[in-house]
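Examining the three-dimensional arrangement
Read off the chains here:
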Amino acid sequence: AQSVTQPDIHITVSEGASLELRCNYSYGATPYLFWYVQSPGQGLQLLLKYFSGDTLVQGIKGFEAEFKRSQSSFNLRKPSVHWSDAAEYFCAVDSQTGANNLFFGTGTRLTVIP
Amino acid sequence: KAGVTQTPRYLIKTRGQQVTLSCSPISGHRSVSWYQQTPGQGLQFLFEYFSETQRNKGNFPGRFSGRQFSNSRSEMNVSTLELGDSALYLCASSLGGSSGGSDTQYFGPGTRLTVL
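Residues numbered from 1 in each chain as written. Chains lettered and ligands numbered in written order. Predicted model: local features only at pLDDT ≥ 70, side-chain atom pairs only at ≥ 80, totals over all residues. Heavy atoms only, no water.

Comments concerning the overall build of chain A
Looking only at helices and strands, one finds zero helices and twelve strands in chain A. When its helices and strands are written in sequence order, chain A yields β-β-β-β-β-β-β-β-β-β-β-β. Scaling as 2.2 N^0.38, a compact globule of 114 residues should have a C-alpha radius of gyration of about 13 Å, and chain A matches this with 13 Å. Here chain A, with 114 residues, has 48% of them falling under the buried criterion. Pairs at least 24 residues apart make up 52% of the contacts formed inside chain A by residues separated by at least 6 positions. By element, 49% of the accessible surface of chain A is carried by carbon and sulfur atoms, the whole surface being about 5,200 Å². For chain A, the separation between the mean place of its 8 positive charges and that of its 9 negative charges on side chains is 2 Å. (Helix = DSSP H or I, 4+ residues; strand = E, 2+ residues; numbered from the N terminus. Rg over C-alpha atoms; globule rule 2.2 N^0.38 Å. Buried < 20%, exposed > 50% of the residue type's maximum accessible area, 1.4 Å probe, protein only. Contact = heavy atoms within 4.5 Å. Areas by Shrake-Rupley, 256 points an atom, 1.4 Å probe, with all protein chains shown as cover. Lys, Arg positive; Asp, Glu negative; His and termini not counted. Charge placed at Lys NZ, Arg CZ, Asp CG, Glu CD.)

Concerning the overall build of chain B
Across its full length, chain B carries zero helices and eleven strands. In summary, chain B has a C-alpha radius of gyration of 14 Å against a globular reference of 13 Å for 116 residues, a match within 12%. Across its three principal axes, chain B shows a C-alpha extent of roughly 40 × 25 × 25 Å. Going through the 116 residues of chain B one by one, you find that 51% of them count as buried. Put simply, of all contacts in chain B between residues at least 6 apart along the chain, 55% involve residues at least 24 apart. Here chain B contributes 11 positive and 6 negative side-chain charges, whose respective centroids are spaced 5 Å apart.

Observations concerning the pairing of strand E6 (residues 44-50) of chain A
With respect to burial, E6(A) is a largely interior element, five of its seven residues being buried. In sequence, strand E5 (residues 32-38) of chain A turns back onto E6(A) through a hairpin of five residues, with Gly41(A) there showing a positive phi of about 75°. (Pairing = 2+ DSSP bridges.)

Section: unusual backbone geometry
Residues and elements named next belong to chain B. In this structure, Pro8 follows Thr7 across a cis peptide bond, with omega equal to -10°. The phi angle at Glu52 is positive, at roughly 70°, despite the residue not being glycine. In this structure, Glu52 sits in the loop between strand E5 (42-50) and strand E6 (53-57). Located in the positive-phi region is Ser72, a residue other than glycine, with phi close to 75°. Structurally, the position occupied by Ser72 is in the loop between strand E7 (64-68) and strand E8 (74-78).

Details of the nonpolar core
Within the largest apolar cluster, 27 residues are counted, with the highest numbers of intra-cluster contacts made by Leu19(A), Trp35(A), Leu47(A), Leu48(A), Phe74(A), Leu76(A) and Tyr89(A). If you list the elements that add at least two residues to this core, you get strand E2 (10-14), strand E3 (19-21), E5, E6, strand E8 (64-68), strand E9 (73-78), strand E10 (87-94) and strand E12 (108-113) of chain A. Among the elements that make up this core, the one with the highest residue count is E10(A) (four residues). When sequence neighbours within four positions are dropped, the list of residues in contact with Tyr89(A) reads Gln6(A), Leu21(A), Trp35(A), Tyr36(A), Val37(A), Leu47(A), Phe63(A), Leu76(A), Gly107(A), Thr108(A) and Leu110(A). Counting 21 residues, the second largest nonpolar core, distinct from the first, contains Tyr49(B), Phe60(B), Ala87(B) and Tyr89(B). (Core = buried A, V, L, I, M, F, W, Y, C linked by side-chain atoms within 4.5 Å.)

Regarding the side chain of Asp85(B)
Residues and elements named next belong to chain B. Its location among the elements puts Asp85 in the loop between E8 and strand E9 (87-94). A polar atom in the side chain of Asp85 sits 2.8 Å from the side chain of Arg63. In this structure the side chain of Asp85 is engaged in a polar contact, spanning 2.8 Å, whose partner is the backbone nitrogen of Glu82. Setting aside anything within four residues of it in sequence, one finds Asp85 in contact with Gln36, Arg63, Phe64, Val78, Thr80, Leu113 and Val115. (Polar contact = N/O pair within 3.5 Å; in protein donor to acceptor, adjacent residues only side chain to side chain.)

Structure (C-alpha cells):
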C-alpha cells in the first residue's frame, strides 16, 4: 500500500535561511509526487510536481524538489525563506496513473522568525 | 481562468441532519475529487467523479455520497451527521481522462463544516 511520511511536524527557520522539508514515500510503481502548501483557513496550492524526467523539479515561489528513487524521497527546498512562506506543507503521491486519488503526508508546519 | 470554487464556505449543522456541499471545477476540467481534512486524520480521499460517474472511492461510510452534473459541477452529501464529520471538505478538479497518468489536481478553498 502506498504511504507518505513527513517526519517533521513543525520546523522553525529564520527569514533568509535555507529550508528543506523531508518527504518519504512508499509505493511499488513509479510514483507521481506533489508538494502542496496550505495557509491557515485556505485550500491547497500546488507548489510543484514530479511525473517523470529530470529528477530536480522547479516550482512556484522559488521552491524546488528532488526525486531520489534510491532513497524513496522527494524533499522540498528553498534557498532563502521569506516570512510569507509560513504555512503548512503537504507532500502527496498519486496512487496510480490517472486515479486522482492523492495520498497525503501528515504535513509540516513552517514557522518563519524575523 | 477562474479557480475551483466551493459553496458554502462555512456551515454549521446539528447531529442527525444532512448537508450538501457544492464544487465548481476549473473550466474544462472533467474530474472532481473530494477530500476530508481533520486534525486527527489529516487529508483523506473521499471519492472522485469523472463524466458524471464515480470512478474512485475512499474508505468512508455510505453516509458520504456525491454526484456530478453534465457541466462537471459536483456535490457531496453527508447524511445523518455525526460530531466526527466536523472537518474542512476540499474539492479538487483536474482535466481527468488521462490513461497515462500525469493529471494534476487543483484545490478549492474548502467548506468548513461544524457539527454540533
